[in-house]
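Each chain is listed here by its residues.
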Amino acid sequence: MLDTLSTAPFLSTAWLAGARGLERPPAGERSTVALRLELTDPPRDTPPAVDVQVDLVSGRLGLTAAAGESPGLRIQLPLAAARALLLGPARERAGVFERGDVRAEGNFSLLFFIDAALERDGSGHVAALRGTPGTAARDVAPPPGTEEAAEAVRRARAALPGTMRELEREVGTSTPGAQIYVSLDGVPLADAGLGLARPGVAMTHRSLPLWYCCAKPLLSVALGRLWEAGAYDPYLPVAHYLPEFGNRGKESITSMELLTHTGPLPTGDDPLHGVVAGPDEERARRAFEVPVTPRPGDVPGINYSQWWAWFVLARILPAVDGREYGAYVQEEILGPCGMSDTHVRLDREEFAAFGDELPLIHVSNPEGGPRPTHWWSTEAATTRCIPGVNTRGPLRDMGRLFEMLLRGGSAPGGRVLAPPTVAALTARHRTGLQDRYGNADWGMGFRLECRQLDPRFTSFGSYASPRSYGHDGLWTAVVFADPDAALVVALHLNGKVEHERHRERIVRLADAVYQDLHIS
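These notes cover the structure that comes with them.

The next thing to look at is the overall build of the protein chain. Regarding its fold elements, the protein chain presents 20 helices and 17 strands. Here the protein chain has a C-alpha radius of gyration of 23 Å; the compact-globule value for 520 residues is 24 Å, and the two agree. Residue pairs in contact within the protein chain that sit at least 24 positions apart in sequence constitute 67% of those at least 6 positions apart. Summed over its atoms, the accessible surface of the protein chain is roughly 19,700 Å², and 51% of this surface lies on carbon and sulfur atoms.

Once that is clear, we can look at the nonpolar core. Leu11, Trp15, Leu63, Ile75, Leu77 and Trp376 are the most contacted members of the largest nonpolar core, which totals 122 residues. It is helix 5 (residues 110-120) that provides the largest number of residues to this core, a total of eight residues. Apart from residues lying up to four places away in sequence, Trp376 is in contact with Phe112, Leu210, Tyr212, Val276, Ala277, Trp307, Ala381, Thr382, Val389 and Arg392.

Turning to the sheet that holds strand 2 (residues 49-55), a few remarks are in order. If you walk across this open sheet you meet the five strands as 3-2-1-4-5, and the pairing is mixed. Looking at the sheet topology across the chains shown, the edges are occupied by strand 3 (61-65) and strand 5 (103-106). Sheet twist, expressed as the average angle between the axes of neighbouring strands with direction ignored, equals 20 degrees. Judged from the four bridges that link them, strand 4 (residues 73-77) and strand 5 form a sheet pairing that is antiparallel. Note on strand 5: the bridge partner recorded for Arg74 is Glu105.

Attention now moves to helix 9 (residues 216-228). Counted at 1.5 Å a residue, the expected span for helix 9 with its 13 residues is 18 Å, and the 19 Å between its end C-alpha atoms agrees. Taken across its 13 residues, helix 9 has 11 buried, putting it largely inside the fold. Inspection of helix 9 places Lys216, Pro217, Leu218, Leu219, Ser220, Val221, Ala222, Leu223, Gly224, Arg225 and Leu226 among the buried residues, and these make up the whole buried set. Note on helix 9: the residue one or two positions beyond its end, Gly230, has a positive phi of about 80 degrees.

What counts, and where the lines are drawn
- Starting afresh in each chain, residues are numbered from 1 along the sequence in its written order.
- A pLDDT threshold of at least 70 governs which residues receive local features in this predicted model, and a stricter bar of 80 or more applies before side-chain atom pairs are shown or counted, although totals over entire chains, interfaces and linings include all residues.
- Excluded from the side-chain calculation are hydrogens and water; included are all heavy atoms of the structure.
- Elements are defined by DSSP. Helices are runs of H or I of four residues or more, strands are runs of E of two residues or more, and each kind is numbered from the N terminus.
- As defined in this context, the radius of gyration uses C-alpha atoms, and a globule is described by 2.2 Å times the residue total to the power 0.38.
- In what follows, residue pairs with any heavy atoms lying within 4.5 Å of each other are defined as contacts.
- Each accessible area is a Shrake-Rupley estimate made with a 1.4 Å probe; only the visible protein chains count as cover when residues are assessed.
- Joining through side-chain atoms within 4.5 Å is the link that ties buried Ala, Val, Leu, Ile, Met, Phe, Trp, Tyr and Cys residues into a set, and such a set is a nonpolar core.
- Per-residue accessibility, obtained with a 1.4 Å probe over protein chains only, is compared with the maximum for each type, and a residue is labelled buried under 20%, exposed over 50%, and partly exposed between these values.
- At least two DSSP bridges between two strands are needed for those strands to be called paired.
- Axis definition: a line fitted to C-alpha atoms, limited for helices to the stretch in contact. Angles are taken between N-to-C directions and run from 0 to 180 degrees.
- To estimate how far a helix should extend, the number of its residues minus one is multiplied by 1.5 Å.

Following this line, the structure appears as structure tokens:
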């Protein structure tokens, strides 16, 4: 078998026959996930599509020529990209979605967990398919931090002892590292980092974790400024500001639909799935040319947009104001709020200077512990502007943004928003809609506390008031402000876990903050 795998062309009929000698992943188990690779350049004697099964527990792989109904994740890509995705090292796997010639449809989030299984390779299948010996991934102990970082942890433990105990239980189990920021009445109580940012690099209060979707409120605030200035109306069609967007069924889509995630484009059909970190011109082409299908009866539903909607909305800024997203956010939001260490993207010099120290997202499958991935951490991903996804900064900066909102738009460097605009952004614009991920009411780009509707829709913990607002970062982070308690909480765990496990740990950590502060 190994001789065939090492000599036959990758994914050829002969190579797939050799791969059949590997022990198959268990069928019908939740831990076995499937994807279909559709080759855009299949060589002779290579099937045009291949079905891949991955056992997330053991890392066992099954590969066969595609047959029957497509699984929930389909990726169209060249043969070289398929090889990198299945058999390449971690950086190459992430790089597949930076090429510009890849398309993906379906449950894109599965790729994070598939990536972790391939990285761990507990079964040795990846090494066997490469035709080379495998090496097991090793856990790395955190290096000693600075005295300044240690003092930040001591202060956090003194102010929030129960919270820090809970956080320290997660570090080393569900996540290699964590960062926390908490303030009450604008006074910081905790600003600390724990554990590992990446192998060999400590997570401290100065680390720059990936904000994921916790960055989306930056664009909400930017559009809010234009709204209060009379230069923009979220209830007008996006095509009013971006005429090139108004085609193929998108003529009447409004900014409000995109901001509340009720646009007529299901999450799995996001046109940027394959090129979210790809070349700017290809991202723009796909974002503006994507067709949409009207819903039956025009009934609204929740269609959470990870990146497409925010990519489109960010284009409104230069159309209305003249400044691109990065410059506008820096000058009008980050500067006044004192968010001096936040980067909506890095430049190449910054990546060269400290790119190897950036926290990596680690992914935990059912067994084996967190494994580092390079999603959104390569040079291409960090140096491209991906609004609402790849912002990086210490959580104290994220906290300063929400402290500004709690103060009615006032920041140390000047007023960012008027109080009525803050109230409008964080009001309930989407109501009566719910999904299986605990989403219910929504503001203009802000998740709202909905525990009062049903415990299943708890957003920020068991004690957060119904007026609380904030955002999540895909199974890694949360930030929220509670106006009734004058409280801001920001948490980042660079270990991605399944939705249910992440929800449990975030609620438990948020509850611990309220209990420590006796405002429960």
